[in-house]
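# Commentary on secondary and tertiary structure
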Amino acid sequence: MKVAKNTVVSIAYTLKDSEGNVLDAADTSEPLAYLHGIGNLIPGMEKALDNRDSGETFEAVIPPEEGYGAFDDDLVWELDKDQFGELGEVEVGTQFVLETEDDQVLVTVVEIRDEVVIVDGNHELADETLFFEITVLEVRDATPEELEHGHAHGPGSAHDHDHG
Ligand SMILES: [Zn+2]
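Residues numbered from 1 in each chain as written. Predicted model: local features only at pLDDT ≥ 70, side-chain atom pairs only at ≥ 80, totals over all residues. Heavy atoms only, no water.

## Re the pattern of salt bridges
To keep things clear, this is the line we draw: The working definition used for a salt bridge is a side-chain nitrogen of Lys or Arg within 4 Å of a carboxyl oxygen of Asp or Glu. Secondary structure follows DSSP: runs of H or I at least 4 residues long count as helices, runs of E at least 2 residues long count as strands, and numbering of each begins at the N terminus. Residue exposure (1.4 Å probe, protein chains only): buried if accessible area is under 20% of the type maximum, exposed if over 50%, otherwise partly exposed.
Taken as a whole, this structure holds 5 salt bridges when the rule is applied. E66 is the partner of K47 in a salt bridge, and the nearest nitrogen-oxygen pair spans 2.6 Å. Placement of K47 in helix α1 (residues 43-49) and of E66 in the loop between β4 (57-62) and β5 (76-80) is noted, with a sequence separation of 19 residues between them. Judged by relative accessible area, which is 55%, K47 ranks as exposed. Put simply, E78 and R113 hold a salt bridge, and the shortest N to O gap is 3.9 Å. Of the two residues, E78 is situated in strand β5 and R113 in the loop between β7 (104-112) and β8 (116-120); the sequence distance between them amounts to 35 residues.

Right, here's the structure in full:
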């Protein structure tokens, strides 16, 4: 069966950066399962997987625009250190959810100066060209429940939850 909209696809993959460092991986014993065609994966990955057959192994090079986006300066904020009173000790690498005027953004502390804490809400893979090797392990039709929920259920899915 081929990968198409509203199929559930199980894949094993290795993700490397442009220098060959492994950033992420899922092997055949713990594959990733997802509902294809509705944006559950980054656009470049869904595009590369579209119409593939189960059993196929292939490589995909995905530019930032189809991955985790270009680095956005608007997602970097300078915050007054006084605001961190309630959070206790803040250090570089600390992550928290920042409430902005119209959004909630997961940010990471990237720099601390005397009175200022600089936080960055860009994805850690922003600006990265992504080098995937992907094997399609299984393709099946989504169940009505999966279509209703907009994600895959069962082993390997990010939403392997109990629906009571
Ligand atoms: Zn669900």
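There is more to say after this.
## Some details on the side chain of E146
Note the cut-off: Two residues form a contact once any of their heavy atoms are found within 4.5 Å.
As for its position among the elements, E146 is in helix α2 (residues 144-149). The contact partners of E146, leaving out residues within four places of it in the chain, are V8, L35, R140, H151, A152 and H153.

## With respect to the pairing of strand β9 (residues 130-141)
This is how it is decided: Here, any two strands with at least 2 DSSP bridges between them count as paired.
The sheet contact formed by strand β1 (residues 7-16) and β9 spans 10 bridges and is antiparallel. Residue pairing across strands places V9 opposite V139, the latter belonging to β9. Inspection of the sheet shows β4 paired to β9 by 6 bridges, in the antiparallel sense. Bridge pairing links T57 to T135 in β9.

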